Structure formats: structure tokens, C-alpha cells
Amino acid sequence: MAVVRIPPVLRPSVGGEKELDADGASVRDVLRSVAERHPDTQGQLFSPDGELNRYVNVYLNDEDVRVLEGLDTQVGDSDTLVILPAMAGGA
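Small disclaimer: the values here were computed from a predicted structure and weren't measured. (Residues numbered from 1 in each chain as written. Predicted model: local features only at pLDDT ≥ 70, side-chain atom pairs only at ≥ 80, totals over all residues. Heavy atoms only, no water.)

Caption draft 1: Quick peek at the overall build of the protein chain. Across its full length, the protein chain carries two helices and five strands. Listed by position from the N terminus, the elements making up the protein chain come as β-β-α-α-β-β-β. Taking 12 Å as the expected radius of gyration for a compact globule of 91 residues, we find that the protein chain reaches 12 Å, a close match to that expectation. Structurally, the protein chain occupies a C-alpha span of about 40 × 30 × 25 Å along its principal axes. In the protein chain, which comprises 91 residues, the share counted as buried stands at 42%. Long-range pairs, those at least 24 residues apart, make up 45% of the contacts in the protein chain between residues at least 6 apart in sequence. For the protein chain, the exposed surface amounts to about 5300 Å²; the carbon and sulfur share of it is 49%. (Helix = DSSP H or I, 4+ residues; strand = E, 2+ residues; numbered from the N terminus. Rg over C-alpha atoms; globule rule 2.2 N^0.38 Å. Buried < 20%, exposed > 50% of the residue type's maximum accessible area, 1.4 Å probe, protein only. Contact = heavy atoms within 4.5 Å. Areas by Shrake-Rupley, 256 points an atom, 1.4 Å probe, with all protein chains shown as cover.)

Caption draft 2: View of the sheet that holds strand S3 (residues 56-60). Read across the sheet, five strands follow the order S2-S1-S5-S3-S4 without closing on themselves; strand pairing throughout is mixed. In this open sheet, the two strands that pair with only one neighbour each are strand S2 (19-22) and strand S4 (63-64). In the sheet, S3 pairs with S4 via two bridges, with the strands oriented antiparallel. Within S4, the residue paired with Tyr-59 across the bridge is Asp-64. (Pairing = 2+ DSSP bridges.)

Caption draft 3: Just the pairing of S2, in detail. Residues Leu-20 and Ala-22 line the buried face of S2, whereas the alternating positions Glu-19 and Asp-21 sit on a face that is not buried. Pairing of strand S1 (residues 2-5) with S2 involves four bridges; the strand directions are antiparallel. Bridging from a neighbouring strand, Ala-2 pairs with Ala-22 of S2.

Caption draft 4: Seen up close, the pattern of salt bridges. Considering all chains together, one arrives at three salt bridges under this definition. Notably, a salt bridge pairs Arg-5 with Glu-19, separated by 3.1 Å at the nearest N-O pair. Taken together, the residues span a long stretch of sequence, with Arg-5 in strand S1 and Glu-19 in strand S2 at a distance of 14 residues. (Salt bridge = Lys/Arg side-chain N within 4 Å of Asp/Glu carboxyl O.)

The structure is reproduced here in C-alpha cells:
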């Protein structure tokens, strides 16, 4: 199982957990597994067309999946996914 690190903003949707174990062969599969177990994350992670929301960044072992194969990036049992919501703002 891969480890998924959950940012503080999503923790209320996953029962306060900082990390979850999730099965899946790809980033998409792993994130879908999280969304199936914690339905409140579905709309936070995925757009209505099933793609990753544009304001959500996902890193696989410190590599942005968007520069890899996106949601189709393969995930191994010892891999770590980090979900980071994009921050906006400024003066």
C-alpha cells in the first residue's frame, strides 16, 4: 500500500488523519481509494470530469505528478503521495 499524506485542510474530511494507507496501481487509483473511503474528499480532489482539480497538487516521492504521467503515474507499495492544495493570495 502507498502512503498518502493529508494536508491540514483535508483532515476534517478524513477523520483528522495525517496519513492514510491506500491501494492502487496509479495515482488515480490511490486517490479514488481515498475518495471511496472518505466521500467528502471526492469534490475536493477531483473535478466533475474526473480529473484532478487544478488547485490540487500531488507529489509522488517528491515529484509533481503533472510532470510525470499525471493521474496515470504508476505507484508502488513503498511510495508516498503528498496532496498539497495550491495557495493563492498576496497583496
